[in-house]
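Spelled out from the first residue to the last, the chains are:
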Amino acid sequence: RKIDAHRDSGLLRGMDENFRRALLTLRNTIESETKERNTRSIVFTSAVGGEGKTTILSAFARVLSIGRGERILLVDCSIRKPKLHKLFDVDNDKGIIDYLEGRAELPEIVHHVESAGLDLVTAGFAEDVDISMPVFNSERMALFMREVSEAYEYVLFDTAAVLEAPETPIISSYSDGVIMIVHVGKTRREVIKRAMLMIEKLEGRFIGTILNRKKYHIPEFIYRRV
């Protein structure tokens, strides 16, 4: 990717400096934990909804896209309540669900977001959200991971909350690591533990947790070994 200094400076405009430093720390942590990987596929999730994961993921992607010319792909796997297409102002006519159901191929579902320096795969439209678990646990999902691994250095998945979506632990099992977002002072420890156990049961690998002071969407403690 050609580095655009003017665009890069625009991505940082309005971003809290402490927030930016925390996201850079997260990048260093992920890279340290996945040293042997040419492509880093990371799932962002939470135990329950409303923890701020989509906000943190999208900000992290913007920080990643600055300066180093890495190819970054965001994938919206929050099928019931997709948000990334709205955040980046792209159509949601075809997305990951269409690919997994065989109705589209990868070039048809990738949107290039020039203003953010990244690519985006939206959720697409699922007539029946109950089909989401089997289609994610499929050969098409394995094919998707192989295809994107050949084209990107970072693949970041926005997923539904673990306790609200049985497909999230499955998606996590395909990834190199999982970041759990926790809203400070809201989510009980036993709820978080239950979500972690569901991911670990399918051999998902935790990299760490982000404790989010959601009022300001600023991580208070960006990395903690689980």
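All values reported here derive from a predicted model rather than from experimental measurement.

Q: Before we go on, may I ask you to explain helix H2 (residues 17-33) in this structure?
A: Given 3.6 residues per helical turn, the α-helix brings residues three or four places apart onto the same face. Under the 1.5 Å per step criterion, the end-to-end length of H2 is 24 Å for 17 residues, consistent within 8% with the ideal 24 Å. Those residues of H2 lying buried are Phe-19, Ala-22, Leu-23, Leu-26, Arg-27, Thr-29, Ile-30, Glu-31 and Glu-33.

Q: Can you walk me through the pattern of salt bridges in this structure?
A: Should their charged atoms come close, side chains of opposite charge can pair. Summed over the entire model, instances satisfying the criterion amount to 13 salt bridges. Salt-bridge contacts for Arg-205 lead to Glu-33; the nearest nitrogen and oxygen are separated by 3.3 Å. Highlighted residues: Arg-205 in the loop between helix H10 (189-201) and strand E7 (206-213) and Glu-33 in helix H2, separated in sequence by 172 residues. Through salt bridges with shared partners, a single ionic network connects Glu-17, Arg-20 and Arg-21.

Q: Before we go on, may I ask you to explain the pairing of strand E1 (residues 40-46) in this structure?
A: The two faces of a sheet get side chains in turn, since along a regular strand they alternate between them. Of all the seven residues making up E1, seven are buried; the element is thus mostly covered by neighbouring parts of the structure. Residue alternation in E1 divides its side chains into two sets, Arg-40, Ile-42, Phe-44 and Ser-46 and Ser-41, Val-43 and Thr-45, and both sets are buried. Examined bridge by bridge, E1 and strand E5 (residues 154-159) share five bridges and lie parallel to one another. Each residue of the ladder has a partner; that of Ile-42, found in E5, is Leu-156.

How each quantity is defined
- Residues numbered from 1 in each chain as written.
- Predicted model: local features only at pLDDT ≥ 70, side-chain atom pairs only at ≥ 80, totals over all residues.
- Heavy atoms only, no water.
- Helix = DSSP H or I, 4+ residues; strand = E, 2+ residues; numbered from the N terminus.
- Expected span 1.5 Å × (residues − 1).
- Buried < 20%, exposed > 50% of the residue type's maximum accessible area, 1.4 Å probe, protein only.
- Salt bridge = Lys/Arg side-chain N within 4 Å of Asp/Glu carboxyl O.
- Pairing = 2+ DSSP bridges.

Purely geometric numbers; function is a separate question.
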